Amino acid sequence: MRRHTQVAMALAAVATTIFTSGCSAGLGGPASSRAAQDGEIRFTFAPDPIWDYMHDTGLVDEWEEQTGYTIETSATWDEFGLFAGGHADIISTASFEVPYLEEQTQRETVIIGRYNAERSRFLVRADDPAQSVADLRGKRIGVFTTVSGTLVWSALIKQMHDMNLVDEQGSGSDFEIVVADIQNLSNLLARGEIDACICYPDLSARELRDGAVRPLYDGKSSADLFAELNAPGHDGPMGNVFVARKEWVEEHPKEVSAFLDLWELGLAEWQGHRDEMIERYPQHFAVATPEDIEFMKQYVAEHDWVVDDVRFDQQWADDESSIFDLMRSTGIIGDEIADPQFLPTEGVQQ
């Protein structure tokens, strides 16, 4: 995402993950300041249910025993900060944030794996007659940040409706932008304090379930619309990819492959035990009541944003990179912003 002067200050606060906050059983305390060692992977990740499940069910321990590798983990929402300090070999962030990760950390990086699609939806109140964002000119749009997924929506809205959501200086919008806490946006919308929001479905379960709010564009996420308009069949852009220091990747190819193998196991566990994970770690989905838990199970079954495979091929990398083409062509980022580097490993002999 990078285009404004605001990004430098904002990115550390916007490290994205697929789920909302909560304690993480499998991720430890502060990351070690030791330098990387052969056979060890220093992995920093925001609190996450799939990782917790892998840890709690012994899958990570089994992987370490079978591979001979160890994985040193830490849970934090400031993945950027630990990466910048040299305390992590691998972190996750949105694919479209990687160029600014490099800018902020002064570290050359490589995207080694994919995890989940950018899942935010554009919501309005149920009684609002709006059929698209084009019907919301001048209205109050709630966002949790003017960067991150908001930038993807900015590019899409410019492409679809030739309207400005946020611009480079944060002014001149065709809307009134209201920045609010991410977990409160759908509630603010339901109460009429804003007219629409860019919201995560897992942070809007109650309002979606009781019918107070509804999504525009037939419930399609930003990733769905991007694929439909710009990269048919693609599953991105990604709200989270796995990003590693390029130097570490070049020096530790076996560790990279083993890490991806571990996450292939994790994604398989998600496919096989998705409902159990939602029940077991409801805090990661911002649900608490039995009704909201059941709603989230059904919603994720219909709109699963987690990918099936962590590895990707060159075609996927090319399609994922096209989000930068869209953001350049719509003026969301400058032409000087380079595409991130990818390491395709799908179908490659390990």
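Conventions adopted
- Residues numbered from 1 in each chain as written.
- Predicted model: local features only at pLDDT ≥ 70, side-chain atom pairs only at ≥ 80, totals over all residues.
- Heavy atoms only, no water.
- Phe/Tyr/Trp six-rings, centres within 6.5 Å; stacked < 30°, edge-to-face > 60°.
- Helix = DSSP H or I, 4+ residues; strand = E, 2+ residues; numbered from the N terminus.
- Buried < 20%, exposed > 50% of the residue type's maximum accessible area, 1.4 Å probe, protein only.
- Lys NZ or Arg CZ within 6 Å of the ring centre and 35° of its normal.
- Core = buried A, V, L, I, M, F, W, Y, C linked by side-chain atoms within 4.5 Å.
- Domains from an automatic or database assignment.
- Contact = heavy atoms within 4.5 Å.

Attention now goes to the packing of aromatic side chains. A complete count under the given rule lists 21 aromatic pairs for this structure. Ring plane angle 75° and centroid distance 5.3 Å describe the contact between Phe-122 and Trp-153, whose orientation is recorded as edge-to-face. Pair noted here: Phe-122 is in strand β5 (residues 121-125) and Trp-153 is in helix α6 (residues 149-161), with a separation of 31 residues, a long-range link. Taking the relative accessible area as the measure of exposure, Phe-122 reaches 0% and is therefore buried. Residue classification places Trp-153 among the buried positions, given a relative accessible area of 0%. Each residue in the set Phe-43, Phe-45, Trp-51, Tyr-115, Phe-242, Phe-259 and Trp-263 is aromatic and connected to the rest through ring pairs, giving one cluster. Its guanidinium or amino end placed over the ring of Tyr-200, Arg-119 lies 3.8 Å from that ring's centre, counting from NZ or CZ. Over the face of the ring belonging to Trp-305 we find Arg-119, whose NZ or CZ atom lies 5.4 Å from the ring centre.

What follows concerns the nonpolar core. Ranked by internal contacts, the top residues of the largest apolar core, which has 71 residues, are Ile-112, Phe-242, Phe-259 and Trp-263. Among the elements that take part in this core, helix α11 (residues 253-280) stands out by supplying ten residues, more than any other. Residue assignment places this core across two domains, with domain 1 (38-116 + 234-340) and domain 2 (119-219) each supplying three or more. Among residues more than four places away in sequence, those in contact with Phe-259 are Ile-41, Phe-43, Trp-63, Ile-71, Ile-90, Ile-112 and Phe-242. Core analysis: the second largest hydrophobic core is formed by 35 residues, Leu-165, Leu-216, Phe-226 and Leu-326 among them.

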